[in-house]
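An overview of the molecular structure
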Amino acid sequence: YFLQKIICSETLTKSSNTCYLSSGVFAKSYRRPNIVLILTDDLDIAIGGLNPLSKTKKLIGDAGISFSNAFVASPLCCPSRASILTGKYPHNHHVINNTLEGNCSSKAWQKSEEANTFPALLKANAGYQTFFAGKYLNQYGHSEAGGVEHVPPGWNFWVALEKNSKYYNYTLSVNGKPQKHGADYSKDYLTDVLANMSLDFLQYKSNYQPFFMMVSTPAPHSPWTAAPQYQDSFNSTKAPRDPNFNIHGKDKHWLIRQAKTPMTNSSVQFLDDAFRKRWRTLLSVDDLVEKIVNRLKVRGELDNTYIFFTSDNGYHTGQFSLPLDKRQLYEFDIRVPLMVRGPNIKPNQTSQMLVANVDLGPTILDIAGLDVNKTQMDGMSFLPVMEGKVNSSSWRTDILVEYEGEGSNVSDPACPLLGPGVSECFPDCVCEDSYNNTYACVRTVAPSANLQYCEFDDNEVFVEVYNVTADPFQLTNIAKTIDQEVLEKMNHRLMMLQSCAGQSCRTPGVYDPRYKFDPRQMFTSHSWRLGRLRQKMK
């Protein structure tokens, strides 16, 4: 075990030269709970992403609570991961896409946000030993941002993937030293390597401190490389043919309307194949979860450990004739799985209460006994929800989702008719993103409403509104038919959330009985500009 040396040197007692801390004998039952966060990459819930994860559902979901209304602050890897780490919405952490220029793992991010992430607070203020393994942020390890030598504050043990998800032929930063891996399944398959390193940590960590462990898998992100034993699984599986599959989003933003409907046979074959491959990679994640839970059980630590399982964004395969990606405002891209087990969480619970990934940090700090109100975080702790201490009438009713679209400055020679400003284009010239695919949404879940209200930052300030109760597949945009007063209140609420920070992000929403609407406070302009983000970053 290469980690043994590192961990023992960190946990050595002053009176001894030996490392004898793996027995668990001294683990005290009264001490603060341990916390494990397992973060998958691009795992949806809307199109069946949890189906292959039968052991995970049994060991975490059935043993605790599953949230059916868990959302991300932005449906893209780096902004979403930054929201998880900081507890902030993108307009406050300023990570707007997966590029260095978009602040993904940039020097500016390191300087302004990295020292205040929840793991850094756990280590500095709550005495937790911390372990990270897997994909961190898409540009981590970039030569212009410190390379793999850079180890973010807050981590005792750091095993991070250089750049974006891969399964073979990658480099890990092991406490700031590069470790190269090849293509030998038994030694290099990343999901298994992360599982083994996690088990090493549990074996050799100190038993005198509680621990926080974050394991961030590459699966089910492309290139969708399955472990050899799973390469023939799900051979007859196809992407689900939901009511929004392969149909034209006629009343939606122009980017959705440009998708060709019906899709070509080759596009459908491609997305079905990708769907199967995604599921195959998840079987190794299921094994990882089982190994970690079993090891905690054997060590007598399971009953005092919270285990969170979630994803950085959802995914789509053929919805509204978009072949495959994330980045859109619809449920399939912004809704994610979230399951938690731990002390004082009764088993077999499902909660409809609204939670977001900005709440993960506050919740974990709350578990560790830290005061979330003393941080700059926008989210709120859902620990009271998990412990059954809150009812839906007193819980929050809305969250913010924001995304800044990306486009190329020049036309794609293969698709000259599209012109500049688009990106993520497929061979048949259907594009998944554009500069003006820049939007912000208020996602409301309240006893009296399940609503999504979105505005685009484009020339027409295009609006999309969905009654998700009546229209779960978001087929009908009701922006032109909904009551004008609701539109005005939602527009006001959206602008308020887009300029919120900390406590002001947690004020009552439109469908909260405590909400107060004062038309005199209306903003001078009805159009909003995410361009403020760009100005702030300059």
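What counts, and at which threshold
Residues numbered from 1 in each chain as written. Predicted model: local features only at pLDDT ≥ 70, side-chain atom pairs only at ≥ 80, totals over all residues. Heavy atoms only, no water. UniProt positions renumbered as here; feature names shortened; annotations may be inferred. Helix = DSSP H or I, 4+ residues; strand = E, 2+ residues; numbered from the N terminus. Pairing = 2+ DSSP bridges. Axes fitted to C-alpha atoms, helices over the stretch in contact; angles between N-to-C directions. Disulfide = S-S within 2.5 Å. Buried < 20%, exposed > 50% of the residue type's maximum accessible area, 1.4 Å probe, protein only. Phe/Tyr/Trp six-rings, centres within 6.5 Å; stacked < 30°, edge-to-face > 60°. Lys NZ or Arg CZ within 6 Å of the ring centre and 35° of its normal. Core = buried A, V, L, I, M, F, W, Y, C linked by side-chain atoms within 4.5 Å. Contact = heavy atoms within 4.5 Å. Expected span 1.5 Å × (residues − 1). Parallel < 35°, antiparallel > 145°, perpendicular 65-115°, else oblique. Nonpolar A, V, L, I, M, F, W, Y, C, P; charged D, E, K, R; others polar.

Moving on: the UniProt feature "domain: Sulfatase N-terminal" (unreviewed entry) in the chain. The positions UniProt marks with the feature "domain: Sulfatase N-terminal" (unreviewed entry) are residues 33–369. The annotated region residues 33–369 carries 31% helix and 17% strand content, and the separation between its end C-alpha atoms amounts to 10 Å.

Within the open sheet, the four strands sit side by side as β15-β18-β19-β20. Their pairing is antiparallel. Two strands close off the open sheet at either side, each with one partner strand: β15 (398–403) and β20 (463–467). On average, each strand axis in the sheet is tilted by 15 degrees relative to the strand beside it, whichever way the strands run. When strand β19 (residues 449–456) meets β20, the two strands line up antiparallel, connected through five bridges. Paired with Y453 across the strands is V465, a residue of β20.

Glancing now at the state of the cysteines. Disulfide: a covalent bond connecting the sulfur atoms of a pair of cysteines. Summed over the entire model, instances satisfying the criterion amount to five disulfides. What pairs with C441 in a disulfide is C454, and their sulfur atoms sit 2.2 Å apart. Since a negative S-S torsion denotes a left-handed disulfide, the C441-C454 link at about 105 degrees is right-handed. A residue pair is termed long-range when its members are at least 10 positions apart, and C441 in strand β18 (residues 439–446) and C454 in strand β19 qualify at 13 residues. A single burial state applies to C441 and to C454, both of which are buried. Paired through a disulfide, C500 and C505 show a sulfur-sulfur distance of 2.1 Å. Linking C500 and C505, the disulfide has an S-S dihedral of approximately 95 degrees and is accordingly described as right-handed. One exposure class covers both C500 and C505, and it is buried. Cysteine C77 shares no disulfide, and the gap to the nearest cysteine sulfur, in C78, comes to 8.0 Å.

A few words on the packing of aromatic side chains. Using the criterion set out here, one finds 28 aromatic pairs in the structure. Ring centres of Y167 and Y189 lie 5.8 Å apart, and the angle between their planes is 25 degrees; on these two criteria the pair is classed as stacked. Of this pair, Y167 sits in the loop between β5 (157–161) and β6 (171–174) while Y189 sits in the loop between α7 (185–188) and α8 (190–204), and the two are 22 residues apart along the sequence. On the basis of relative accessible area, Y189 is assigned to the buried category, the value being 0%. Geometrically, the ring pair formed by Y403 and Y439 is tilted, given 5.7 Å between the ring centres and 35 degrees between the ring planes. Taken together, the residues span a long stretch of sequence, with Y403 in strand β15 and Y439 in strand β18 at a distance of 36 residues. Cluster of aromatic residues (ring-pair linked, three or more members): F118, F132, Y136, Y140, W155, W158 and F212. Against the face of F320 rests K252, its NZ or CZ located 4.7 Å from the ring centre. Over the ring of Y315 we find R278, and its NZ or CZ is 3.9 Å from the ring centre.

What follows concerns the nonpolar core. Of all hydrophobic cores here, the largest spans 96 residues; its most connected members are F67, F118, F212, F308, V340, F382 and M386. Residue contacts for F382: discarding those within four places in its chain leaves F67, F308, L338, V340, V355, D359, L360, T363 and W395. Counting 56 residues, the second largest nonpolar core, distinct from the first, contains L50, V159, Y168 and L202.

Our next topic: α8. Look at α8: 21 Å from first C-alpha to last across 15 residues, which is about the 21 Å you get at 1.5 Å a residue. In terms of burial, α8 is a largely internal element, 13 of the 15 residues being buried.

In the contact formed by α8 and helix α10 (residues 265–298), the axes pass within 9 Å of each other and the chain directions differ by 10 degrees. By the angle between their directions, the pair α8 and α10 is classed as roughly parallel. Judged by residue contacts, T191, D192, L194, A195, N196, S198, L199, L202 and Q203 of α8 engage S284, V285, L288, K291, I292, R295 and L296 from α10. Of the residues that constitute the contact of α8 with α10, the class distribution is eight nonpolar, five polar and three charged.

Below, the discussion takes up the sheet that holds strand β4 (residues 129–135). Pairing is mixed in the open sheet, where ten strands are placed in the order β7-β6-β5-β4-β8-β1-β9-β12-β2-β13. One side of each edge strand has no neighbouring strand; the edge strands of this open sheet are β7 (177–180) and β13 (349–351). Adjacent strand axes in the sheet meet at a mean angle of 15 degrees when their direction is disregarded.

With the exception of glycine, most residues fall at negative phi, and the peptide bonds are largely trans. Cis geometry is found at the peptide bond from S222 to P223, where omega equals 10 degrees. Here P223 lies in the loop between β8 (211–216) and α9 (254–257). Residue P262 is bonded to the preceding T261 through a cis peptide linkage, with omega at -5 degrees. Among the secondary structure elements, P262 is positioned in the loop between α9 and α10. Backbone geometry at S105 places phi at a positive 60 degrees, although glycine is not the residue there. As for its position among the elements, S105 is in the loop between α4 (90–93) and α5 (107–112). According to the relative accessible area criterion, S105 is buried, its value standing at 1%. Phi at K163 takes a positive value of approximately 60 degrees, unusual for a residue other than glycine. Its location among the elements puts K163 in the loop between β5 and β6.

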